[in-house]
Each structure stands twice: as structure tokens, then as C-alpha cells.
Amino acid sequence: MPRGRHAGLVSQLQRASLSIPANIAEGASRGSDKDFANFLQIAAASTTEVEYHLEFAADARIISRAEFEARRPALEELRRMLVGFAKYLRNQSRS
């Protein structure tokens with residue numbers, strides 16, 4: 001993604017992207033499955049934020065629509081995995 005006049009967007013995209021693995025790591029260090037599941041949900045929400053920023057960039061013609069569409073499936077899959085793992089952990093903690 002080009003920098004310069006889009007530095008704010010790039011910064012937001014980097015922040016949201018980095019928060020995904022950071023929340024997974026922080027959640028994994030917590031003492032309970034319930035806490036871990038909460039951090040996984042936060043990480044999943046960050047995938048939605050990344051997707052939004054990329055879609056905005058495509059709409060603003062900062063990146064191509066094809067570039068955005070090429071990245072969308074990976075974000076959707078990651079979000080599904082994070083939500084599924086969080087759900088699994090919550091169910092485990094209830095048992």
C-alpha cells in the first residue's frame with residue numbers, strides 16, 4: 001500500500017493487523033479458557049477491522065479491488081477459526 005498521504009490509513013491497518021497475533025498471544029498466557037476465549041474474540045474483531053480498512057482502501061482506489069478480494073478469503077477464514085476456537089474453549093470451560 002502506498003504511504004505518503006495515506007499514512008493514517010496505513011498506520012491504522014498496521015495497528016489492527018498487529019493486534020490479531022498480539023491478542024492471541026496475550027490470551028494464551030491467561031490462566032483460564034474463558035479469558036483466552038475473550039482475547040480470541042478481540043482478535044477476531046480485529047480481522048473485521050483489517051477487512052474494513054482494506055475495503056476502504058479499495059473503494060478509495062488506493063489499492064485495486066482485485067488486491068482486496070485476494071486478501072478477503074484469508075481474513076474470513078482466520079476470523080472463522082478464531083471464533084470457532086473461542087467457542088470451543090467456552091464449551092470446554094462449561095464442562
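Residues numbered from 1 in each chain as written. Predicted model: local features only at pLDDT ≥ 70, side-chain atom pairs only at ≥ 80, totals over all residues. Heavy atoms only, no water.

Novice: Looking at this model, I keep getting lost on the packing of aromatic side chains. Mind explaining?
Specialist: Scanning the entire structure with this criterion turns up three aromatic pairs. With a centroid separation of 6.5 Å and 20° between ring planes, the pair formed by Phe-85 and Tyr-88 is classed as stacked. Placement of the pair is Phe-85 and Tyr-88 together in helix H3 (residues 65-94), with a separation of three residues, close to one helical turn. The partly exposed category is assigned to Phe-85, whose relative accessible area is 35%. For Tyr-88, a relative accessible area of 46% puts it in the partly exposed group. Of the aromatic side chains, those joined through ring pairs into one cluster are Phe-36, Phe-85 and Tyr-88. (Phe/Tyr/Trp six-rings, centres within 6.5 Å; stacked < 30°, edge-to-face > 60°. Helix = DSSP H or I, 4+ residues; strand = E, 2+ residues; numbered from the N terminus. Buried < 20%, exposed > 50% of the residue type's maximum accessible area, 1.4 Å probe, protein only.)

Novice: What exactly am I supposed to notice about the side chain of Ser-46 here?
Specialist: Mapping Ser-46 onto the fold places it in helix H2 (residues 33-59). Overall, the relative accessible area of 7% leaves Ser-46 in the buried class. Engagement of the side chain of Ser-46 in a polar contact is seen with the side chain of Ser-19, the distance being 2.7 Å. Setting aside chain neighbours within four positions, we find Ser-46 in contact with Ala-16, Ser-19 and Ile-20. (Polar contact = N/O pair within 3.5 Å; in protein donor to acceptor, adjacent residues only side chain to side chain. Contact = heavy atoms within 4.5 Å.)

Novice: I keep staring at the packing of H2 against H3 and nothing clicks. Help me out?
Specialist: Contact geometry of H2 with H3 gives a least axis separation of 8 Å together with a crossing angle of 165°. For the element pair H2 / H3, the angle class is roughly antiparallel. Remark: the crossing between H2 and H3 carries left-handed chirality. The class makeup of the residues in the contact of H2 with H3 is 16 nonpolar, six polar and ten charged. (Axes fitted to C-alpha atoms, helices over the stretch in contact; angles between N-to-C directions. Parallel < 35°, antiparallel > 145°, perpendicular 65-115°, else oblique. Left-handed = near helix turned anticlockwise from the far one by under 90°. Nonpolar A, V, L, I, M, F, W, Y, C, P; charged D, E, K, R; others polar.)

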